[in-house]
Amino acid sequence: MGTQALKTKSYALVLAVALSLPSLAHAEDPAPGPASTTIDLKYWVEFAKQGNAAAQYGLGYRYANGQGVEQDDAQAVDWYRKAAEQGNAQAQYALAYMYASGRGVDADLKQANDWYLRGAQGGNADAQYAIGYSYANGRGTDVDNQGAVAWYQKSAAQGQAQAQYALGYMYANGLGVQEDKAIAFGWYRKAADQGRSDAQYALGYMYDNGQGTEEDQEQAVAWYRKSGDQGNAQGLYAVGYAYANGRGVGQSDAEAYSWYMKAAGKGRADAQYAVGYSLANGIGVDRDYRQALQWYRKAADQGRPDAQYAIGYLYANGRGVKVDDDSAVRWYRKAAEQGDARGQYALAYMYAGGRGVPTNYGKALEWYGKAAGQGHADAQYALGYMYENGQGTTADRAVAASWYRKAANQNNSQGEYALAYLYYQGAGVAKDYGQAAELFRKAADQGDARAEYGLGYLYYNGYGVPKDATAAADWFNKAAAKGLPEAQHGLGYMEANRDGPIKDLGPLGQGAAGGKDTGSMTGWAVFHLLMALVP
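Residue positions within a chain follow its written sequence, with the count starting from 1. It should be noted that, the model being predicted, local features are given only for residues of pLDDT at least 70 and side-chain atom pairs only at 80 or more, the latter also being counted only at that level, while totals for whole chains, interfaces and linings use all residues. The side-chain figures draw on all heavy atoms in the structure; neither hydrogens nor water molecules are used.

What about the overall build of the chain?
Part 1 of the reasoning: Secondary structure summary: the chain contains 28 helices and 0 strands in total.
Part 2 of the reasoning: Partly exposed describes any residue whose relative accessible area lies between the buried limit of under 20% and the exposed limit of over 50%, with all areas from a 1.4 Å probe on protein chains only and scaled to the type maximum. Across the 535 residues of the chain, 53% fall into the buried class.
Part 3 of the reasoning: Within the chain, contacts between residues at least 6 apart in sequence are counted, and of these 53% link residues at least 24 apart.
Part 4 of the reasoning: Here the open area of atoms and residues is found with the Shrake-Rupley method and a 1.4 Å probe, where only the protein chains shown may cover a residue. Looking at the chain as shown, the accessible area adds up to about 21,900 Å², and 45% of this sits on carbon and sulfur atoms. Helix and strand assignments follow DSSP, with helices taken as H or I runs no shorter than four residues and strands as E runs no shorter than two, numbered in order from the N terminus. Any two residues having at least one pair of non-hydrogen atoms within 4.5 Å are treated as being in contact.

Here you go:
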């Protein structure tokens, strides 16, 4: 593969998918509200024993929280139940909360939902939110998005911030209602104005992407910052992303790193990856492969395949650690098995080169195929090469040409060169010097020395382009300056033989520029895995 293909095109591109959609409302139900503490405990006990439901709730609350009595969840449940059975909606919610969390009773989501529903029907806003959440998420019951929306609306109308956020989420995603970003924006705003950090992030996301409102990067960052200032890891990461890409703020890698670090410290995996990436590439911070490895490992342990690939890369190349092909293969495999195209490509490369695993072209072909199927241009080129040379499969230049073409269509210089060479030969495709020249030029414009030589060769001989010795010499010189022996030979030939075609260089042979042994992966089959920018 060409060096450019594996290199990360820019820091912004690497993290382009990192800003995640707002998540569904947090699963934790709000704790039952406090009871009055201005009344002496002995009166709470007296009134409760007399059957006063409010006092029974209050006494349950004191036992649940150890206020004036020794904390005792079983006693709390007992008093909550007495009040709940009298129809006290606050106590019904509190009893449901204890069942849901397994405090003082065995956890029982069905019982929890039964009491949430009673409390909701009694008008308790928290209970309305909680039963809505159960319906939306199938918590102890079947999923019922329409039912969830109905209860969220009742709760949100009472100003319950979690319900307002949840209702925004349902409208934003068309769950139980027709999707309507503008309505979603309105509910997110209500919750954000009450200080909910998840809603503040969601509002920033809506401004960032022009959903339900005009796109406004500065407003997006302002809301991300409000969310981050409350310690919301998603908001912290989003501010870092904004600085990294100059979205709504002046671009600053140092600021981006600072915010990523804050989010990473709270355990956010994408931020941990971003910190690792920054350290590995010296972006906004001094390069430090050892530290990068530690942060990649934190993200990898949370299952991020890009971090798993990155760890494999560091082990394969001895960056911050000694070269360890066995470890590289292990981490590449973790990423590959999660469907990460770079991990699949890298694992195939290790099989093809016998690094960390016995050489196995069949396995290499399999993993190149998986990556190529996801549109990985370098894998498409590599797969074409294996078909052309019969490695792990029967040689088939027509199939090779189809894979080279897929890579070339993504501006992969090696795919362009390889397809051009097949057109030059008439192998797997009809011979067409014009197509060969066009593809050689595309690869040459990307600095591919072999393509520069090939284009020069066509100009010298007038194949597919007008015969032009001056143009030929220009292209030979570019390739020769990169150390390509064929081009140096061509220049020597031109100097010695001013007339006639070049006859003794061979028909664009691979020569020192490209042996066909994918076991060693040298020459034009080298995919420059070890020379690329750290992932």
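Next comes the rest of the account.
Thoughts on the packing of aromatic side chains
Part 1 of the reasoning: Whether two aromatic rings pair depends on their centres lying within 6.5 Å, for rings of Phe, Tyr and Trp, where Trp uses its six-membered ring; planes under 30 degrees apart make the pair stacked, over 60 edge-to-face, and the rest tilted. Applying the stated criterion across every chain, the model contains 25 aromatic pairs.
Part 2 of the reasoning: Plain terms: the ring middles of Y93 and Y116 are 5.6 Å apart, the flat faces sit at 35° to each other, and that makes the pair tilted. Of this pair, Y93 sits in helix α6 (residues 89-101) while Y116 is found in helix α7 (residues 109-121), placing the two residues 23 residues apart along the sequence. Taken as a pair, Y93 and Y116 share a single burial class, namely buried.
Part 3 of the reasoning: Relative to Y433, the ring of Y424 has its centre 5.7 Å away and its plane inclined at 40°; by these criteria the two rings are tilted.
Part 4 of the reasoning: The exposure class assigned to Y424 is buried, which follows from its relative accessible area of 7%.
Part 5 of the reasoning: Exposure remark for Y433: the relative accessible area of 26% places this residue in the partly exposed category.
Part 6 of the reasoning: Here the aromatic residues Y417, Y421, Y424, Y433, F440, Y453, Y457, Y463 and F476 are joined through ring pairs into a cluster of three or more.
Part 7 of the reasoning: The criterion for a charge sitting over a ring is simple: Lys NZ or Arg CZ within 6 Å of the ring centre, and within 35 degrees of the ring normal. Above the ring of W475, the side-chain terminus of K478 is found at 4.2 Å from the ring centroid.

Some points on the pattern of salt bridges
Part 1 of the reasoning: The working definition used for a salt bridge is a side-chain nitrogen of Lys or Arg within 4 Å of a carboxyl oxygen of Asp or Glu. In total, this model carries 14 salt bridges according to the counting rule given.
Part 2 of the reasoning: With a closest N to O distance of 3.5 Å, K110 and D114 form a salt bridge. Residue K110 and its partner D114 are located together in helix α7, separated by 4 residues, close to a single helical turn.
Part 3 of the reasoning: Its relative accessible area of 56% is what places K110 among the exposed residues.
Part 4 of the reasoning: Residue R304 pairs with D306 through a salt bridge whose shortest N-O separation is 2.6 Å.
Part 5 of the reasoning: Classification of D306 by relative accessible area gives buried; the value is 14%.

A few points about unusual backbone geometry
Part 1 of the reasoning: A positive phi angle, close to 65°, is found at N411, a residue other than glycine.
Part 2 of the reasoning: Relative to the helices and strands, N411 resides in the loop between α23 (397-408) and α24 (413-425).

Quick notes on the environment of A271
Part 1 of the reasoning: Secondary-structure assignment places A271 in helix α16 (residues 269-281).
Part 2 of the reasoning: Look at A271 and you get buried, because its relative accessible area is 0%.
Part 3 of the reasoning: When the C-alpha atoms of A271 and G240 are compared, they prove to be 8.7 Å apart, with 31 residues separating the residues in sequence.
Part 4 of the reasoning: In this structure A271 touches Y237, Y260, A263 and A264, once residues within four positions along its chain are discounted.

What to know about the side chain of H376
Part 1 of the reasoning: The topology assignment puts H376 in the loop between α21 (361-373) and α22 (377-389).
Part 2 of the reasoning: Relative accessible area serves as the criterion here: at 12%, H376 is assigned to the buried category.
Part 3 of the reasoning: Dropping the residues within four chain positions of it, H376 is found in contact with A341, R342, Y345, A371 and Q410.

Regarding the confidence of the model for the chain
Part 1 of the reasoning: This prediction gives the chain a mean pLDDT of 89; 87% of its residues lie at or above 70.
Part 2 of the reasoning: pLDDT: the predictor's confidence for each residue, scored from 0 to 100. Below a pLDDT of 50 lies the segment residues 1-18, which in the model reaches 48 contacts outside its immediate sequence neighbourhood of four places, other chains included.
Part 3 of the reasoning: Contacts from residues 509-535, a stretch scored under 50 in pLDDT, to residues over four places away or in other chains number 107 contacts.

What about α16?
Part 1 of the reasoning: Expected span of a helix: the number of residues minus one, times 1.5 Å. End to end, α16 covers 18 Å across 13 residues, agreeing with the expected 18 Å (1.5 Å per residue, within 8%).
Part 2 of the reasoning: Positive phi shows up at G282, right after α16, with a value of about 65°.

Re the packing of helix α3 (residues 41-49) against helix α4 (residues 53-65)
Part 1 of the reasoning: To obtain each axis, a line is fitted to C-alpha atoms, and for helices this fit is confined to the stretch in contact; angles are then taken between N-to-C directions over 0 to 180 degrees. Contact pair α3 / α4: the axes reach a minimum separation of 8 Å and the direction vectors enclose 130°. In terms of their interaxial angle, α3 and α4 are classed as oblique. Pair α3 / α4 crosses with left-handed handedness. Along the contact surface, α3 presents L41, W44, V45, F47 and A48, while α4 presents A54, A55, Q56, G58, L59 and R62.
Part 2 of the reasoning: Ten residues, namely Ala, Val, Leu, Ile, Met, Phe, Trp, Tyr, Cys and Pro, are considered nonpolar, four, namely Asp, Glu, Lys and Arg, are considered charged, and the remaining ones, Gly among them, are considered polar. Across the contact of α3 with α4, the residue classes tally to 8 nonpolar, 2 polar and 1 charged. Orientation is classified from the angle alone, with under 35 degrees giving roughly parallel, over 145 giving roughly antiparallel, 65 to 115 giving roughly perpendicular, and any other angle giving oblique. If you view the pair so one helix is near and one far, a crossing is left-handed when the near helix is turned anticlockwise from the far one by less than a right angle, and right-handed when it is turned clockwise.

Points about the packing of α4 against helix α5 (residues 73-84)
Part 1 of the reasoning: As a packed pair, α4 and α5 sit with axes 7 Å apart at the nearest point and diverge in direction by 165°. In terms of orientation, α4 and α5 fall into the roughly antiparallel class. You can see that α4 and α5 cross each other, and the crossing is left-handed. Contacts from A53, Q56, Y57, L59, G60, Y61, Y63 and A64 in α4 reach D73, Q75, A76, W79, Y80, K82 and A83 in α5.

Examining helix α17 (residues 289-301)
Part 1 of the reasoning: Its 13 residues place the ends of α17 18 Å apart at the C-alpha level, agreeing with the 18 Å of an ideal helix rising 1.5 Å per residue.
Part 2 of the reasoning: All buried positions along α17 are accounted for by Y289, A292, L293, W295, Y296, A299 and A300.
Part 3 of the reasoning: Residues of α17 that are buried in the fold lie against α15 (253-265), α16, α18 (305-317) and α19 (325-337).
Part 4 of the reasoning: Polar contact is the term for a pair of N or O atoms within 3.5 Å; when the atoms are in protein, one must be able to donate a hydrogen and the other to accept it, and sequence-neighboring residues count only if both atoms are side-chain atoms. Capping the start of α17 is the job of one residue whose side-chain oxygen sits 3.1 Å from the backbone nitrogen of R290: D288.
Part 5 of the reasoning: Positive backbone phi, at 95°, marks G303, one or two positions downstream of α17.

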